[in-house]
Amino acid sequence: DPEDVKRWRDQRRARWPSRARLARDAEANAPKTGLAALAAYDSEESDEPPAKKHQPAKVCLAMLHGGRCRRGAACPYSHDVANVPICKFFTEPGGCRRGR
């Protein structure tokens, strides 16, 4: 369509890197000095909040004791009980006083 081509050419001309446009872009991208640099200073490199320290997830007590949790996938605690340390008294005769 000739109108689409004309519209495309007009848009292209508007964005064409002319000397005035290059000078304006260079001025906008120039490093700031003085108070302008302090005002534009951002101590963080990204807009995202700092990453939280990784803390091991607490184990769901229902899974630890009974093997089932009523909350299922909605439970905020870990259901991985394979890496939970066993009480050292549990292996002795009489077992652990706390039953763990």
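No experiment lies behind these values; they were computed from the predicted model shown.

1. Remarks on the overall build of the chain
Thinking step 1. On a plain count of helices and strands, the chain comes out with four helices and zero strands.
Thinking step 2. Looking at the chain as a whole, 6% of its 100 residues are labelled buried.
Thinking step 3. Residue pairs at least 24 apart in sequence account for 6% of intrachain contacts in the chain once pairs closer than 6 positions are excluded.
Thinking step 4. For the chain, the accessible surface area stands at approximately 10,100 Å², while carbon and sulfur atoms represent 53% of it.

2. Some remarks on the pattern of salt bridges
Thinking step 1. Under the definition given, this model contains three salt bridges.
Thinking step 2. Beyond isolated ion pairs, a larger network of salt bridges with shared partners links Lys6, Asp10 and Arg13.

3. Structural notes on the state of the cysteines
Thinking step 1. All told, the structure shown has zero disulfides when counted by the stated rule.
Thinking step 2. Among the cysteines around cysteine 69, which has no disulfide bond, cysteine 60 carries the closest sulfur, lying 3.7 Å off.
Thinking step 3. As a non-bridged cysteine, cysteine 75 has cysteine 60 as the owner of its nearest cysteine sulfur, 3.9 Å distant.
Thinking step 4. What makes cysteine 75 buried here is its relative accessible area of 11%.

4. Digging into a nonpolar patch on the surface
Thinking step 1. Taken together, Leu61, Leu64 and Val81 make up a surface patch of nonpolar side chains, about 230 Å² in accessible area.
Thinking step 2. Looking at where leucine 61 falls in the secondary structure, it is placed in helix H4 (residues 61-65).

5. Some points on the environment of histidine 79
Thinking step 1. Here histidine 79 is to be found in the segment after H4.
Thinking step 2. Between the C-alpha atom of histidine 79 and that of valine 59, which follows or precedes it by 20 residues, the distance is 6.1 Å.
Thinking step 3. In contact with histidine 79, other than residues within four places in its own chain, are Cys60, Met63, Cys69 and Gly72.

6. As for the confidence of the model for the chain
Low pLDDT marks stretches whose predicted atomic positions should not be read closely.
Thinking step 1. Across the chain, pLDDT averages 77, with 71% of residues at or above 70.
Thinking step 2. In the model of the chain, helix H3 (residues 35-40) stands out as the element of lowest mean pLDDT, 68, in contrast to helix H1 (residues 2-15), which has the highest, 91.

7. Focus: the environment of valine 84
Thinking step 1. Relative to the helices and strands, valine 84 resides in the segment after H4.
Thinking step 2. Residue valine 84 is classed as partly exposed on the basis of its relative accessible area, which comes to 24%.
Thinking step 3. Discounting residues that sit within four places of it in the chain, valine 84 has contacts with Val59 and Leu64.

Cut-off values and rules
Residues numbered from 1 in each chain as written. Predicted model: local features only at pLDDT ≥ 70, side-chain atom pairs only at ≥ 80, totals over all residues. Heavy atoms only, no water. Helix = DSSP H or I, 4+ residues; strand = E, 2+ residues; numbered from the N terminus. Buried < 20%, exposed > 50% of the residue type's maximum accessible area, 1.4 Å probe, protein only. Contact = heavy atoms within 4.5 Å. Areas by Shrake-Rupley, 256 points an atom, 1.4 Å probe, with all protein chains shown as cover. Salt bridge = Lys/Arg side-chain N within 4 Å of Asp/Glu carboxyl O. Disulfide = S-S within 2.5 Å. Patch = residues over 30% accessible without salt bridge, like charges linked within 9 Å, V, L, I, M, F, W, Y side chains within 5 Å. pLDDT = per-residue confidence, 0-100.

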